[in-house]
Amino acid sequence: TPYALSIYGQEMVQNCPFGTGNGYGDGRAISLAEVVVAGSRWELQLKGSGTTPFCRGADGRAVLRSSVREFLASEAMHHLGVRTTRALSLVGSRTERTSRPWYSDPDPDLETGEKDVEKHGGDIRLEEPCAMTTRVAPSFLRVGHFELFARRARQGDAKGLEELEMLARHALEREYPQAAGGDLGKPFRRQILDMVEEAAGRFAALAADWLRGGYTQSNFNSDNCLVGGSTVDYGPFGFIERYDPGWGMWISAGDHYAFMNQPAAAGRNFAMFALSMKPLLDAAGDDELRGIIRGFEGRSRGAVNEMWSRKLGLQGWSAEAAELWERLAELMQRFTADYTLLWRQLSELPCVDPESSDSDLVGPMLRAFYDELPRPGEMELAMWVSSWLKLLAKEGQACTDVAQRMKRVSPKYIPREWMLVEAYTAAERGNHTPVHVLHQLLKRPYEEQPEYESLYYRRAPDGSEKQGGIGFMS
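Values in this document were obtained by computation on a predicted structure and should not be read as measured data.

Engineer: What exactly am I supposed to notice about the pattern of salt bridges here?
Structural biologist: Where side chains of opposite charge bring their charged atoms close, a pairing between them can arise. Applying the stated criterion across every chain, the model contains 40 salt bridges. R142 serves as the salt-bridge partner of D26, at 3.9 Å between the closest nitrogen and oxygen. In this pair, D26 sits in the segment before β1 (29-37) while R142 sits in the loop between β5 (124-137) and α3 (143-154), placing the two residues 116 residues apart along the sequence. The burial state of D26 is the same as that of R142; both residues are buried. A salt bridge links E465 to R242, with the nearest nitrogen and oxygen atoms 3.0 Å apart. On the criterion of sequence distance, the pair formed by E465 in the segment after α16 (453-456) and R242 in the loop between β7 (238-239) and α7 (262-275) is long-range, its members being 223 residues apart. Looking at R242, the relative accessible area reads 18%, which means it is buried. Here the salt bridges do not stand alone but share partners, grouping R344, E348, R367, K407, K412, E448 and E453 into one network.

Next up, the structure:
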């Protein structure tokens, strides 16, 4: 039987169909079936198939625009090497349409020459074609599911405690079989603690991988976080272009969901998942649980630092590496660098002599900047590159090996929003070729693919950061 699930969150009473406050949940996602492929079990979930008990008065549908975005982005993330749900299929309707708020193109403020455009949730309503994505994962268990049943258990609900245990056993089977161990004699409380320990590593690695690829989830709360540590819910996500540590695609992302704050958001979600296990543990288990939670920050910092060292081509993290990254981040923000282009262009430089001229040191990187670098900026960047090359030389690595390793962690192609706009706009007109082209392109994000370079390896169009639906969205 297809089903949708309730999720912990704001207690929606007024528009809750049950009158209990538990009406927050899968508003347009329905789990349909499970299949076993090559020994692995997968849950199939439809997104946009219609109303659910938790749609709170909405229609439960998805539109072609959002469905194309999720289909392409989730597959791109898989090929970037980031844990994610997969997109099995995308089906569009030729006849059904639904109304959604969206943005004028161009934004009226841009037409009047306004320099600062206030981010908003849309200024028009569009009748858009409906679509439906089938996505797959070992499970779609969210942190919010555990919070819901833990809340009931804490309130003394015996059935809630029983259901929390059932949910934990399900997570062990689907997401953390190694923690379950297969040893019939392994105590259940030990399985839980081992699962939480493994989850800490997965959550830390996921956030580090998001930074590595330039992905910003933008709304990484507990109901948009899978307990298995995979990316899910490609809604107001975005891939950062102009480097800004405080950027988020969602208009309400704020600092807490901003690009560089994603490891902290992952830490909050992990803590909520871990604490939801507390009703299933004794006092000793609770102490161990809290120790795991306290250790997350260090684990996350280690994952992020290791990621930066790989992007810099270094063998490990050090005080010198930290200083290099901090200086580079400041330069990227001050001179408005394209995040993906800068890292990829940097991989062209490991074999350059650190005593070379400024033009040789920074030449390949200039295409990454949205504005022409002033001469003092070029000099600062050249000094940085020289320092970086000297640290690489100090490590004694072969420069060609360094360059190749850097290209394997810093992609050349990502699903930039303006690329997705071109694809779904064409699809709405019946031309699906751009969707297929991007689907193939993003299967090989680290390869050169010179036939696509002029089209897709370039900075965002001028003004796109101020255009609703490209630079921001609700």
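Engineer: Just checking my understanding: could you explain the pairing of strand β2 (residues 40-47) for this structure?
Structural biologist: Consecutive side chains along a regular strand alternate between the two faces of the sheet. With eight bridges connecting them, β1 and β2 associate as antiparallel partners. Residue pairing in the sheet places A29 in a bridge with K47 of β2. Where β2 and β5 come together, five bridges link them in antiparallel fashion. Bridging from a neighbouring strand, Q45 pairs with R135 of β5.

Engineer: How should I be thinking about the side chain of E128 in this particular structure?
Structural biologist: Looking at the secondary structure, you find E128 in strand β5. Within the local environment of E128, its side chain forms a polar contact with the side chain of R65, the two groups lying 2.8 Å apart. For E128, the contacting residues outside a window of four places in its chain are V63, R65, E96, R97, T98, R100 and E428.

Engineer: Is there a simple way to explain the environment of S318 in this structure?
Structural biologist: Mapping S318 onto the fold places it in the loop between α8 (283-311) and α9 (319-334). Given a relative accessible area of 30%, S318 falls into the partly exposed group. Sequence separation between S318 and S276 is 42 residues; the distance between their C-alpha atoms is 36 Å. Side-chain polar atoms of S318 contact the backbone nitrogen of A321, separated by 3.1 Å.

Engineer: Before we go on, may I ask you to explain the pairing of β5 in this structure?
Structural biologist: Taken together, the two bridges between strand β3 (residues 62-63) and β5 define a ladder with antiparallel strand orientation. Within the sheet, the bridge partner assigned to V63 lies in β5 and is C130. Bridge count for strand β4 (residues 86-102) against β5 is twelve bridges, and the pairing is antiparallel. Among the inter-strand pairings, S99 is bridged to a residue of β5, identified as E127.

Engineer: Help me understand helix α1 (residues 64-80), please; the structure alone is not making it clear to me.
Structural biologist: Three- or four-residue spacings in an α-helix give side chains the same orientation, since the helix completes a turn every 3.6 residues. An ideal rise of 1.5 Å per residue puts 24 Å on 17 residues; α1 measures up with 24 Å between its terminal C-alpha atoms. Across the 17 residues that make up α1, a large majority, 15, are buried.

Engineer: Sorry if this is basic, but what is going on with the packing of α9 against helix α10 (residues 339-346) here?
Structural biologist: Any two packed helices are characterised by the angle at which their axes cross and by the distance between the axes. Contact geometry for α9 and α10: axes closest at 11 Å, N-to-C directions at 130°. In terms of their interaxial angle, α9 and α10 are classed as oblique. Like other packed secondary-structure pairs, α9 and α10 cross with a definite hand, here right-handed. Between α9 and α10, the residues in contact are W325, L328 and M332 and Y339, L342 and W343, respectively. Counted by class, the contact of α9 with α10 contains six nonpolar, no polar and no charged residues.

Engineer: Help me out: how do you make sense of the packing of α3 against α7 in this one?
Structural biologist: Contact geometry of α3 with α7 gives a least axis separation of 8 Å together with a crossing angle of 40°. Between α3 and α7, the interaxial angle falls into the category oblique. With respect to the hand of their crossing, α3 and α7 are arranged in left-handed fashion. For the pair formed by α3 and α7, the contact residues are V143, F146 and E147 on the first element and N269, M272 and F273 on the second. For the contact of α3 with α7, the residue count by class is four nonpolar, one polar and one charged.

Engineer: Just checking my understanding: could you explain helix α15 (residues 433-441) for this structure?
Structural biologist: For α15, every residue scored as buried is listed here: V435, L438, H439 and L441. Viewed end-on, α15 has its buried residues packed into an arc of 165°, placing them on one side of the element. Summarising the contacts, the buried residues of α15 are in contact with α1, α14 (417-428) and α16.

Engineer: Explain the environment of W418 to me, please; I cannot follow it from the model alone.
Structural biologist: Inspection of the secondary structure puts W418 in helix α14. Since its relative accessible area comes to 4%, W418 is described here as buried. For the pair W418 and G471, spaced 53 residues apart in the sequence, the C-alpha separation amounts to 8.9 Å. Residue contacts for W418: discarding those within four places in its chain leaves E241, L455, Y456, R458, R459, A460, P461 and I470.

Engineer: What should I look at first to understand the side chain of S104 in this one?
Structural biologist: Along the chain, S104 turns up in the loop between β4 and α2 (108-111). Note on S104: relative accessible area 18%, which makes it buried. Within the structure, S104 has its side chain in polar contact with the side chain of D123 (distance 2.6 Å). Once residues within four sequence positions are removed from consideration, S104 is found in contact with D123, I124 and Q467.

The rules behind the values
- Residues numbered from 1 in each chain as written.
- Predicted model: local features only at pLDDT ≥ 70, side-chain atom pairs only at ≥ 80, totals over all residues.
- Heavy atoms only, no water.
- Salt bridge = Lys/Arg side-chain N within 4 Å of Asp/Glu carboxyl O.
- Helix = DSSP H or I, 4+ residues; strand = E, 2+ residues; numbered from the N terminus.
- Buried < 20%, exposed > 50% of the residue type's maximum accessible area, 1.4 Å probe, protein only.
- Pairing = 2+ DSSP bridges.
- Polar contact = N/O pair within 3.5 Å; in protein donor to acceptor, adjacent residues only side chain to side chain.
- Contact = heavy atoms within 4.5 Å.
- Expected span 1.5 Å × (residues − 1).
- Axes fitted to C-alpha atoms, helices over the stretch in contact; angles between N-to-C directions.
- Parallel < 35°, antiparallel > 145°, perpendicular 65-115°, else oblique.
- Left-handed = near helix turned anticlockwise from the far one by under 90°.
- Nonpolar A, V, L, I, M, F, W, Y, C, P; charged D, E, K, R; others polar.
- Arc of directions from axis to C-beta.

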